[in-house]
Amino acid sequence: QVRLVESGGGLVQPGGSLRLSCAASGSIFNFNGMGWYRQAPGKERELVASITSGGSTNFADSVKGRFTISRDNAKNTMYLQMNSLKPEDTAVYYCNGYYSQYARVWGQGTQVTVSS
């Protein structure tokens, strides 16, 4: 069982940037893919960005052009670089790794608040 721990969240002004990290207790190489999800109060959890084991990436339309997802297999860490942040980006961000649609591992989440 690989455990995932998110970090890097915090308070940032609109237009600012944050980089979230997802550190794994074991190798992330065996994941078929990883992704970042977010959930705002009163809303459903949504997929923000994903990256496959082959390096293919996908982004939600709301963050396309502003966010970048990447991974460092040597450090067993995945990242989400968030630029040009908007108040609408405020949410708890969760790291996810999956072996299949039936087998997933989730982190505890990290709070991102975009406000003046």
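See the structure above.
(A) Representation of the nonpolar core within the structure. Residues L4, M34, W36, F67, L80, M82 and Y93 are the most contacted members of the largest nonpolar core, which totals 30 residues. When contributions to this core are tallied by element, the ones reaching two or more residues are β3 (18-24), β4 (33-39), β5 (46-52), β7 (67-72), β8 (77-82), β9 (91-100) and β11 (110-114). Take this core: its biggest share by element is four residues, from β3. Ignoring anything within four residues of it in the chain, the contact list for M34 reads L4, C22, I28, A49, S50, I51, I69, M78, C95, N96, G97 and Y98.

(B) Main features of the side chain of E6. Checked against the element boundaries, E6 lands in strand β1 (residues 4-7). Despite its burial, E6 pairs with no opposite charge, the nearest such side chain being R45 at 8.6 Å. Of the polar contacts made by the side chain of E6, one reaches the backbone nitrogen of C95; its length is 2.7 Å. A polar contact is formed between the side chain of E6 and the backbone nitrogen of G109, at a distance of 2.8 Å. Look past the residues within four positions of E6 in its chain and what remains in contact with it is S21, C22, W36, Y93, Y94, C95, G107, Q108, G109 and T110.

(C) Just the environment of A40, in detail. Along the polypeptide, A40 turns up in the loop between β4 and β5. A40 sits in the buried class, given a relative accessible area of 18%. When the C-alpha atoms of A40 and E88 are compared, they prove to be 8.9 Å apart, with 48 residues separating the residues in sequence.

(D) The sheet that holds β1, seen in detail. Reading across the sheet, the four strands line up as β1-β3-β8-β7 and stay open at both edges, with antiparallel pairing between neighbours. The sheet is open, and its two edges are formed by β1 and β7, each paired on a single side. The mean angle between the axes of side-by-side strands here comes to 15°, regardless of whether they run parallel or antiparallel. When β3 meets β8, the two strands line up antiparallel, connected through six bridges. Its bridge partner being in β8, L18 is matched across the sheet by M82.

(E) Up close: the packing of aromatic side chains. Counting across every chain of the model gives two aromatic pairs. Ring centres of F31 and Y99 lie 4.9 Å apart, and the angle between their planes is 35°; on these two criteria the pair is classed as tilted. On the criterion of sequence distance, the pair formed by F31 in the loop between β3 and β4 and Y99 in strand β9 is long-range, its members being 68 residues apart. Overall, the relative accessible area of 2% leaves F31 in the buried class.

(F) Looking closely at the side chain of S50. Within the secondary structure, S50 is located in strand β5. Assessed through its relative accessible area of 16%, S50 is described here as buried. Once you skip the residues sitting within four places of it in the chain, S50 turns out to touch M34, G35, S56, T57, N58 and I69.

Cut-off values and rules
Numbers given for residues are sequential positions, taken from 1 along each chain in its written order. Confidence filtering applies because this is a predicted model: local features only for residues at pLDDT of at least 70, side-chain atom pairs given and counted only at 80 or more, and all residues used for totals across whole chains, interfaces and linings. Excluded from the side-chain calculation are hydrogens and water; included are all heavy atoms of the structure. In this description, a nonpolar core means a group of buried Ala, Val, Leu, Ile, Met, Phe, Trp, Tyr and Cys residues linked to one another through side-chain atoms lying within 4.5 Å. Per-residue accessibility, obtained with a 1.4 Å probe over protein chains only, is compared with the maximum for each type, and a residue is labelled buried under 20%, exposed over 50%, and partly exposed between these values. Helix and strand assignments follow DSSP, with helices taken as H or I runs no shorter than four residues and strands as E runs no shorter than two, numbered in order from the N terminus. Throughout, a residue-residue contact means that at least one pair of heavy atoms, one from each residue, lies within 4.5 Å. In this tally, Lys and Arg are treated as positive and Asp and Glu as negative; His is ignored, and so are the chain termini. Think of a salt bridge as a Lys or Arg side-chain nitrogen and an Asp or Glu carboxyl oxygen that are within 4 Å of each other. Polar contact is defined as a pair of N or O atoms within 3.5 Å, subject to the rule that within protein one atom must be able to donate a hydrogen and the other to accept it, and that residues adjacent in sequence are counted only when both atoms are side-chain atoms. Here a strand pair is declared whenever DSSP counts at least two bridges between the two strands. Geometry is summarised by axes, namely lines fitted to C-alpha atoms with helices restricted to the contacting stretch, and by angles between N-to-C directions that run from 0 to 180 degrees. The criterion for an aromatic pair is that two Phe, Tyr or Trp rings (for Trp, the six-membered ring) have centres within 6.5 Å, with stacked assigned to planes under 30 degrees apart, edge-to-face to planes over 60 apart and tilted to the rest.

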